[in-house]
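Chain by chain, the residues:
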Amino acid sequence: MKLPNSDAPPSAQANEPSWTDPHVFAHRIRCHAISMTSLGKSSHVASVLSMAEILAVLYGRVLNIDPMRPDWEDRDRLILSKGHGGAGIYAALAERGFFPVDRLRDHYQNGSVFSGHVSHKGVPGVEISTGSLGHGLGIGAGMAMAARRSKEKWRVYIIMSDGECDEGSVWEAAMFAGHHRLGNLTAVIDYNHMQSLASVSDTLELEPFADKWRAFGWDALEVDGHACSTLEEALSARTGADRPRVVIAHTTKGKGVSFMENQVLWHYRSPQGEELAAALAELDSIGPPKDGRRDA
Amino acid sequence: MRDAFVTKLLELGRKDPKLVLITGDLGFGVLNEFMATLPDQFINAGVAEQNMTMLATGMALSGWKAFTYSIGNFATLRCLEQIRNDACYHDAKVTIVSIGGGFSYGQLGMSHFATEDLAILRALPNLRVITPAETWEAQDLLEEDIKLPGPSYFRIDKSAGGVPRGAGERGRIGVARTLAEGRDVTLVTVGGILAEAVGAAKLLRAEGVSARVLSLSSLKPLDEAALVGAARETGGIVTLEEHTIIGGLGSAVAECCLSAGATPGFFLRLGLPDVFSTVVGDQFYLRRKFGLDAESVAVKTRQLVSKWRERSAG
C-alpha cells in the first residue's frame, strides 16, 4: 500500500526542512499520524492531532538536540508520558532527521519496533518508553535532579495528557519537583478536555487545574496549545528558574480534521477508505499558514 | 544484615560520587550516617514509592547508580509497574533494596509480610533477584552487583543463616553455597532461613540421613549446575523458603531440574501454602507455625527419605 502522504504536501515542498517552521512541522506530523494510524489500523490518532503544535515547537524550536548524536550527553530530554501518542513522536523524530521518514510505514506492523505506545528500543531519539500513564513526570524529575546534582545545563520536558493527571503517581512526582524547586523541569499538558470514555469534566474534574499545580509549588501557565509562538514562549528555557513550570496547553482533540474533533470515537478509530481520503484532503486544504507565522 | 548492607553502601558511596540512595521515608537510625556523610547522594522521596522508583530510573538513565530503599512490600509491590516498565525495560542501574524479607517484621501484620516478592520479581526480565543469607554475604553480593549493569533486587532478611565465612570464601551472585554434603537429600534455601536447613541437616544426620544443604545467593541468576547436581547426586530435593510455595524458590528449582531432564527422586516445597498469615509473632514463631523450623523440616524430610529408600530397595 502506498502511503497517501508519502509525497510531501505542497506546503512542505520548500527547500527548507519541514521542522524549521513549526506550522509546517505540525502539519507534517498530522499528515503522518493520519497515514500511520490508517496503515497500522491503530488507535489514538486524535491524541496525536491535538499535540501536533506542542511536538513541533518542542522538537523544532525548543529542544537542544542533535539527530546525528541521539545519545549526546548534553541534549535536552523529552519524555512523552502520554505514550499512546507514540505515532506523533515517531513522526516528529523522522521529520527532524533521527531516522528516515520511510521507516514510519513500519508503525504497528508485525515485527516492528514502532509500537503503538512509544518505545525507545531501536528508535533513535526516543528517551523513555511509556504507555502506562503517570510514569513520565517522575522519571523526568529524576533526570532533572540528576542534571542539577551533576551541575549540567540540559533541561527536561514532559508531555502529559489531561486524563493522565487522574494517576496518583503524577501528583507524587509533582509534589517532589515542587518541593525540590526543579527549575530545569517543564511539563506541558495536552489539555484536550477529552479522555477515554467521556470529557474530562464528566470523568474526574481537573479544574481548578492551574491552581492545583501552583499549590504543589509549580509555575503554571495556561496557553492556546495550537498557537506556536505562544507555546514557544512558554516552553523556552528559563534562566535561573527556581520552580518547575507546567504549561497547560488548551487543545482540541482531533485538531485539523473536522469530523474527528472532540469525538471520543476517534480516540480509538483508525481512518480508512473515504474517511482517510477526507482527512488528508482536509489537512491539505487547510495546510499550514502560508506565511508560516500565523498561529492556527 | 540490614546494617551491614548499609555500611557497605556507605563505603561504596564514598568512592563513587554518582551513587545515590533514595528512601521512601524509612531508615530511621539506619541511614543516619549515610545522610550525614553523603547528603548530596541521598534523597528522601517521601512516602511515595512509585515516585521513588521513577526518580531512581531517571537518575540512573542520567549516569547515576540509584538505590531505592524501603521495607517489606513497599519497595517492590507498591511500585511494581515502575520497576517493570521503568527500571527493567530501560535496563537502568537501579538497585531495589527491601528490608525485611519474609516474616522479618513478623509482629507487624499482613501488610509487612514480604512473602510473594520472589515469585513476582523473578518474573521480570533483566532483573537480578539477590537473596543473601548472611551479613557478610550481603556485603559481598552488593560489591559484586554494583559493578554489573542493569537493575537488581536485594531481599534483605532480618535473620541470618549463621554460618561464618569459610577460609577464602566470598559470596558470589549466581553461585550456590554448599553448607553440608550428603547423598540422601538436598535441602535448598534462600535467605536467613538457611539456619533452619542447617539445623534440620544436623537432626537428620543424627538419625542416619545425610543431607546436602545449598543456599542460593540469587534466584536470578540461578545456579542451575548446583541444582541439577543435587537432583542427580542425592535422593531428592526439599526446598525451604520464607515465602509462598507458589512461584518462588521451590518453583524455580522444579523448573530448572525438569527442564534439564534431572528429575529428583522426590521433591517437596516447604514455605507458606497459598495463604496469608493472619496471626503475628516473631520470625521464628511464624516459621514454626508454618512448619518451616528445623524440627519440622527434619520430620518431613525423613519421611520422604524413608519412602525413597523403600522404593530404591524394592
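Every chain's residues receive numbers from 1 upward, in the order its sequence appears when written. As a convention, the first chain written is A and the first ligand written is 1, with the rest following in written order. pLDDT decides what is reported in this predicted model: residues at 70 or higher carry local features, side-chain atom pairs at 80 or more are listed and counted, and totals for whole chains, interfaces and linings draw on all residues regardless.

**Quick look at the overall build of chain B**
Consideration 1: Put simply, DSSP H or I for four residues or longer makes a helix, DSSP E for two residues or longer makes a strand, and each gets a number counted from the N terminus. For chain B, the helix and strand inventory stands at 11 helices and 12 strands.
Consideration 2: For 314 residues, the compact-globule estimate of 2.2 N^0.38 gives 20 Å, and chain B sits close to it at 19 Å.
Consideration 3: By the criterion used throughout, residues are in contact when their C-beta atoms, derived from the backbone, lie within 7 Å. Long-range contacts, defined here as pairs at least 24 residues apart, represent 79% of the contacts in chain B between residues at least 6 apart. Each radius of gyration reported is based on C-alpha atoms, and the globular scaling rule is 2.2 Å times the count of residues to the power 0.38.

**Focus: the interface of chain A and chain B**
Consideration 1: Opposite the 19 residues of chain A that make contact, chain B presents 22 residues.
Consideration 2: At the level of secondary structure, the elements contributing two or more residues to the side of chain A that touches chain B comprise α5 (136-149) and α6 (168-179) of chain A.
Consideration 3: No other element matches the 10 residues that α5(A) contributes to the side of chain A that touches chain B.
Consideration 4: Basically, the charged four are Asp, Glu, Lys and Arg, the nonpolar ten are Ala, Val, Leu, Ile, Met, Phe, Trp, Tyr, Cys and Pro, and anything else, Gly included, counts as polar. Grouping the constituent residues of the side of chain A that touches chain B by class yields 9 nonpolar, 8 polar and 2 charged.

**Points about the pairing of strand β3 (residues 185-191) of chain A**
Residues and elements named next belong to chain A.
Consideration 1: Here a residue counts as buried when 20 or more other C-beta atoms sit within 10 Å of its C-beta, as exposed when there are 12 or fewer, and as partly exposed otherwise, the C-beta atoms being derived from the backbone. With respect to burial, β3 is a largely interior element, 7 of its 7 residues being buried.
Consideration 2: Strand pairing is assigned whenever DSSP identifies at least 2 bridges connecting the two strands. When strand β2 (residues 156-161) meets β3, the two strands line up parallel, connected through 6 bridges. The residue bridging Tyr157 from the neighbouring strand is Thr186, located in β3.
Consideration 3: Seen with its strands pointing away from the viewer, a crossover is right-handed if its path from the first strand over the helix to the second goes clockwise. Handedness of the crossover is the feature at issue here: the chain leaves β2, passes through α6, returns alongside β3, and the resulting connection is right-handed.
Consideration 4: In this structure, β3 lies alongside strand β5 (residues 245-250), joined through 6 bridges in parallel fashion.

**Considering the packing of helix α1 (residues 2-15) of chain B against helix α6 (residues 135-145) of chain B**
Residue and element names in this part refer to chain B.
Consideration 1: Think of each axis as a best-fit line through the C-alpha atoms, taken over the contacting stretch in the case of a helix, with angles from 0 to 180 degrees between the N-to-C directions. One can describe the packing of α1 onto α6 by two numbers: an axis separation of 8 Å at closest approach and a directional angle of 30°. Handedness of the α1/α6 crossing: right-handed. Within the contact between the two elements, α1 uses Ala4, Phe5, Lys8 and Leu9 and α6 uses Thr135, Ala138, Gln139, Leu142 and Glu143.
Consideration 2: The residue inventory of the contact of α1 with α6, partitioned by class, reads 5 nonpolar, 2 polar and 2 charged. Left-handed describes a crossing in which the near helix is turned anticlockwise from the far one by less than a right angle; the clockwise case is right-handed.

**Quick word on the sheet that holds β3(A)**
Residues and elements named next belong to chain A.
Consideration 1: In spatial order, the strands read β1-β2-β3-β5-β4; together these 5 strands make up an open sheet with parallel pairing. Only two strands of the sheet have a single partner each, and these edge strands are β1 (77-80) and β4 (219-224). Shown here is a sheet whose adjacent strand axes are inclined to one another by a mean of 20°, direction ignored.
Consideration 2: The sheet strands contacting α5 are β1, β2 and β3, and the helix crosses β2 at an angle near 170°.
Consideration 3: Against the sheet, helix α9 (residues 228-235) contacts β3, β4 and β5, and its axis sits at roughly 170° relative to β4.

**What to know about the pairing of β1(A)**
All names here are of chain A.
Consideration 1: By the alternation rule, side chains of β1 split into Arg77 and Ile79 and Leu78 and Leu80, which are all buried.
Consideration 2: Pairing analysis gives 4 bridges linking β1 to β2, with the strands arranged parallel. By the bridge assignment, Leu78 is partnered in β2 with Tyr157.

**Brief notes about helix α10 (residues 273-286) of chain A**
Consideration 1: Over its 14 residues, α10(A) extends 20 Å from the first C-alpha to the last, a length consistent with the 20 Å expected when each residue adds 1.5 Å.
Consideration 2: Against α1 (22-39) of chain A lie the buried residues of α10(A). The span expected for a helix works out to 1.5 Å for each residue beyond the first.

**A word on helix α3 (residues 52-62) of chain A**
Consideration 1: Along α3(A), 10 of the 11 residues are buried, which leaves the element largely enclosed by surrounding structure.
Consideration 2: Within the span of α3(A), buried status applies to Ala52(A), Glu53(A), Ile54(A), Leu55(A), Ala56(A), Val57(A), Leu58(A), Tyr59(A), Gly60(A) and Val62(A).

**Here we look at the domain arrangement of chain B**
Residues and elements named next belong to chain B.
Consideration 1: Parsing chain B into structural domains produces domain 1 (2-156) and domain 2 (177-313).
Consideration 2: Taken together, the contact between domain 1 and domain 2 spans 24 residues of the former and 30 residues of the latter.
Consideration 3: When its residues are assigned to classes, the side of domain 1 that touches domain 2 shows 11 nonpolar, 8 polar and 5 charged. Domain start and stop points were drawn from an automatic or database domain assignment.

**Some details on the packing of α5(A) against helix α3 (residues 49-60) of chain B**
Consideration 1: In contact at an axis separation of 6 Å, α5(A) and α3(B) are set at 50° when each is read in the N-to-C sense. By the angle class used here, α5(A) and α3(B) are oblique. In this structure, the crossing between α5(A) and α3(B) has a hand that is right-handed. For the pair formed by α5(A) and α3(B), the contact residues are Gly138(A), Ile139(A), Gly140(A), Ala141(A), Gly142(A), Met143(A), Met145(A) and Ala146(A) on the first element and Gln50(B), Asn51(B), Met54(B), Leu55(B), Ala56(B), Thr57(B), Gly58(B) and Met59(B) on the second.
Consideration 2: In the contact of α5(A) with α3(B), the residues fall into 9 nonpolar, 7 polar and no charged. Oblique is the label for any angle not covered by the other classes, which are roughly parallel (under 35 degrees), roughly antiparallel (over 145) and roughly perpendicular (65 to 115).

**What to know about the environment of Ala26(A)**
Residue and element names in this part refer to chain A.
Consideration 1: Within the element layout of this structure, Ala26 appears in helix α1.
Consideration 2: The class for Ala26 is buried, based on 29 C-beta atoms found within 10 Å.
Consideration 3: Spatially, the C-alpha atoms of Ala26 and Phe114 are 20 Å apart, while their sequence positions differ by 88 residues.
Consideration 4: In this structure Ala26 touches Ala52, Glu53 and Ala56, once residues within four positions along its chain are discounted.

**Section: the sheet that holds strand β9 (residues 211-215) of chain B**
All names here are of chain B.
Consideration 1: Read from one edge of the open sheet, 5 strands run β7-β9-β8-β11-β12, paired in mixed fashion. A single partner strand is all that each edge strand has here, and the edge strands are β7 (177-180) and β12 (267-272). Between one strand and the next, the sheet's axes are offset by a mean angle of 25°, whatever the strand orientation.
Consideration 2: One ladder, built from 3 bridges, connects β7 with β9; its direction is antiparallel. When the bridges of β9 are listed, Thr178 appears paired with Leu214.
Consideration 3: Packing of helix α8 (residues 224-233) onto the sheet brings it into contact with β8 (185-189), β9 and β11 (237-244), and relative to β9 it is tilted by some 165°.
Consideration 4: Where helix α9 (residues 249-259) meets the sheet, it contacts β8, β11 and β12, and its direction lies at approximately 145° from that of β11.

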